[in-house]
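Structural characterization, general
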Amino acid sequence: MLDKLNEIKEIALNQIKAAKDSKTLEEIKIKFLGKKGEITSLLKLLGSLSAEEKPKFGALVNDVRNFIETELDKFFAEIKNRELNEKFLQEKVDITLPGRPQKIGVRHPIRIVLDQIEEIFIGMGFDIEEGPEIDTDFNNFKAMNFQDDHPARDSQDTFYINESVLFRTHTSPIQARTMQKMAPNPVRVICPGRAFRRDDIDATHSVQFHQVEGLLIDKNVKFSDLIGILQLFAQKMFGEHMKIRLRPSFFPFTEPSAEVDVSCIFCGGKGCSFCKHSGWLEILGAGAVHPNVLKTGGYDPEIYSGWAFGMGAERIALLKYQINDIRLTFENDVRFLKQFR
Ligand code: PHE
């Protein structure tokens, strides 16, 4: 019995010493100390011993048991420590490695142009107003003095949602909204936003585009103020040497109305293929706010006057970056987009 006990002690110690990982140690623990382990089965033999021998032998078995347990704990701690160190070594981060550059997004060319326009007008004391892309027929047309039979109301041009709700066809409904909100206080705003028109899409036509509306209402507003502001805008946007030119035109919401050209940004006015040898590029529509528009907006046209303009952001961006197809501005081809900053 005693020999057997010593033998078990020795085998256990050898196995513990030879164990290479914590899993093997667990197995050894079960093999010797577990419910069906060698030590436990030795304890079961106690019953066959005499009353005298029982406590002596029991104590011996317990000694061996404690010995094995202590050794197991000792080696377990050692191996755990080693395994942890190996794991740390494997997961070690080389902090001297150069970082991987993160891709940073760029601004869309239309956004760049809108930002520039906004900055110029904010610098001249204008506020920014926005409105919903889906608006009422009233704000888009009626408040802007369109007669009921005006051709622009034709469903050919307008995406209607129902009889009185539509995708705005220009940013001018923001004029109406601003007047309703501000009357009878003075107004000095620009209104950037998207507009929609039914059209067949090709290199120069799109069903969605961006405009920047301008609106100024006050007492004693003069048409020459409009010309001065637009002249300043052209210089800040395209360069000091820029000139503007007004040609008579028609809009239901302005009277008188004008189309405004800037000197060709490519040839400076000498004439080239971009300006069709005229020296001028058309960039916006403008005019004095029609008395009917003021009245509907809540202003007394006898006391207040104003002017408004509307320009196309795509037109400016396409010219500025010499983009030859408007579809590039909404197809989101990364090869195109990443050229801009
Ligand atoms: N709303 C006009 C358009 O879409 C532009 C414009 C705005 C003209 C304001 C005059 C005054 O073409």
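What you are looking at is a predicted structure, and each value in this text was computed from that prediction instead of being measured. (Residues numbered from 1 in each chain as written. Predicted model: local features only at pLDDT ≥ 70, side-chain atom pairs only at ≥ 80, totals over all residues. Heavy atoms only, no water.)

So, about the packing of aromatic side chains. Under the definition given, this model contains 14 aromatic pairs. Here the aromatic rings of Phe 159 and Phe 167 are separated by 6.1 Å at their centres, their planes lie at 75°, and the arrangement is edge-to-face. Taking relative accessible area as the criterion, Phe 167 reaches 26% and is therefore assigned partly exposed. Ring geometry for Phe 251 and Phe 253: centres 5.6 Å apart, planes at 25°, overall stacked. Phe 251 gets classed as partly exposed once you look at its relative accessible area, which sits at 21%. (Phe/Tyr/Trp six-rings, centres within 6.5 Å; stacked < 30°, edge-to-face > 60°. Buried < 20%, exposed > 50% of the residue type's maximum accessible area, 1.4 Å probe, protein only.)

What follows concerns the packing of helix H5 (residues 109–123) against helix H10 (residues 313–320). Between H5 and H10, the least distance of the axes is 9 Å, while the angle of their chain directions is 110°. On the basis of the axis angle, H5 is roughly perpendicular to H10. For the pair H5 and H10, the contacting residues are Pro 109, Ile 110, Val 113, Leu 114, Gln 116 and Ile 117 in the first and Ala 313, Glu 314, Ile 316, Ala 317 and Lys 320 in the second. Partitioning the contact of H5 with H10 into residue classes produces 8 nonpolar, 1 polar and 2 charged. (Axes fitted to C-alpha atoms, helices over the stretch in contact; angles between N-to-C directions. Helix = DSSP H or I, 4+ residues; strand = E, 2+ residues; numbered from the N terminus. Parallel < 35°, antiparallel > 145°, perpendicular 65-115°, else oblique. Contact = heavy atoms within 4.5 Å. Nonpolar A, V, L, I, M, F, W, Y, C, P; charged D, E, K, R; others polar.)

The next thing to look at is unusual backbone geometry. Looking along the chain, the bond that leaves Ala 183 and enters Pro 184 is cis, with omega of 5°. With respect to the helices and strands, Pro 184 occurs in the loop between helix H7 (173–182) and strand S5 (187–196). Here the amide bond leading from Glu 255 into Pro 256 is cis, since omega sits at 0°, within 30 degrees of zero. Looking at where Pro 256 falls in the secondary structure, it is placed in strand S8 (residues 254–263). Although it is not a glycine, Lys 276 sits at a positive phi angle of roughly 50°. Along the chain, Lys 276 falls in the loop between S8 and strand S9 (280–289). A positive phi angle, close to 50°, is found at Gln 322, a residue other than glycine. By the secondary structure assignment, Gln 322 is in the loop between H10 and helix H11 (334–337).

Turning to the sheet that holds strand S6 (residues 208–218), a few remarks are in order. Pairing within the open sheet is mixed, and its 7 strands lie in the order S1-S5-S6-S10-S9-S8-S7. Every interior strand has two partners, whereas the edge strands, strand S1 (127–128) and strand S7 (244–251), have only one. When S1 meets S5, the two strands line up parallel, connected through 2 bridges. Opposite Ile 128, over in S5, you have Ile 190 as the bridge partner. Across the sheet, H5 touches S1, S5, S6 and strand S10 (305–312), and the angle it forms with S5 is around 170°. (Pairing = 2+ DSSP bridges.)

Here we come to the side chain of Gln 211. Relative to the elements of secondary structure, Gln 211 occurs in strand S6. Excluding its chain neighbours within four sequence positions, the residues that come into contact with Gln 211 are His 170, Thr 171, Cys 191, Pro 192, Gly 193, Arg 197, Met 311, Gly 312 and Ala 313.

This part is about the site of the ligand. Near the ligand you find 14 residues, and of these His 170, Ser 172, Arg 197, Gln 211 and Phe 309 are the closest. In this structure, a nitrogen atom belonging to the ligand sits 3.0 Å away from a side-chain N or O atom of His 170. At 3.0 Å, a side-chain N or O of Gln 211 approaches an oxygen atom of the ligand. When the ligand is considered free in solution it has 320 Å² of accessible area, and contact with the protein chains removes 89% of it. (Near = heavy atom within 4 Å. Polar contact = N/O pair within 3.5 Å; in protein donor to acceptor, adjacent residues only side chain to side chain. Areas by Shrake-Rupley, 256 points an atom, 1.4 Å probe, with all protein chains shown as cover.)

The next thing to look at is the layout of surface pockets. Estimated volume of the largest pocket: approximately 1300 Å³. Put simply, the parts of the chain that give the lining of the largest pocket at least two residues each are S6, S7, S8, S9, S10 and H10. For the lining of the largest pocket, the element with the most residues is S9, which contributes 6 residues. Each residue belonging to the lining of the largest pocket can be placed in one class, and the counts come to 22 nonpolar, 18 polar and 8 charged. In this model, the second largest pocket occupies a volume close to 190 Å³. In this structure, the second largest pocket is lined by Lys 103, Ile 104, Gly 105, Val 106, Arg 107, His 108, Val 334, Leu 337, Lys 338 and Arg 341. Looking at the lining of the second largest pocket, its residues break down into 4 nonpolar, 2 polar and 4 charged. (1 Å grid on protein atoms, 1.4 Å probe; cavity = no way out; pocket = protein on both sides within 12 Å on 5 of 7 lines; lining within 4 Å. Points joined across faces, edges and corners; volume = space filled by probe spheres on them.)

Further remarks concern the nonpolar core. Ranked by size, the top nonpolar core spans 38 residues in total, and within it Ile 117, Phe 121, Phe 309 and Met 311 carry the most contacts. Of all the secondary-structure elements, those providing two or more residues to this core are H5, S6, helix H8 (223–238), S8, S9, S10 and H10. Ranked by residue count, the leading element in this core is H8, at 7 residues. If sequence neighbours within four positions are ignored, Phe 121 has contacts with Phe 126, Ile 190, Ile 229, Phe 233, Phe 309 and Met 311. (Core = buried A, V, L, I, M, F, W, Y, C linked by side-chain atoms within 4.5 Å.)

Time to look at the packing of helix H2 (residues 22–33) against helix H4 (residues 53–90). The contact between H2 and H4 brings their axes to 9 Å, and the two run at 170°. Taken as axis vectors, H2 and H4 run roughly antiparallel relative to one another. Taking contact as the criterion, the partners of Ser 22, Leu 25, Glu 26, Ile 28, Lys 29, Phe 32 and Leu 33 in H2 are, on H4, Arg 65, Ile 68, Glu 69, Leu 72, Phe 75, Phe 76, Ile 79, Lys 80 and Glu 83. Looking at side-chain class alone, the contact of H2 with H4 contains 9 nonpolar, 1 polar and 6 charged residues.

Moving on: a negative patch on the surface. On the surface, a cluster of negative charge is contributed by Asp 154, Asp 157, Asp 199, Asp 200 and Asp 202. Position of Asp 154 relative to the elements: it lies in the loop between helix H6 (137–140) and strand S3 (160–162). On the basis of relative accessible area, Asp 154 is assigned to the partly exposed category, the value being 38%. (Patch = residues over 30% accessible without salt bridge, like charges linked within 9 Å, V, L, I, M, F, W, Y side chains within 5 Å. Salt bridge = Lys/Arg side-chain N within 4 Å of Asp/Glu carboxyl O. Lys, Arg positive; Asp, Glu negative; His and termini not counted. Charge placed at Lys NZ, Arg CZ, Asp CG, Glu CD.)

Any functional reading would require information beyond the geometric quantities listed.
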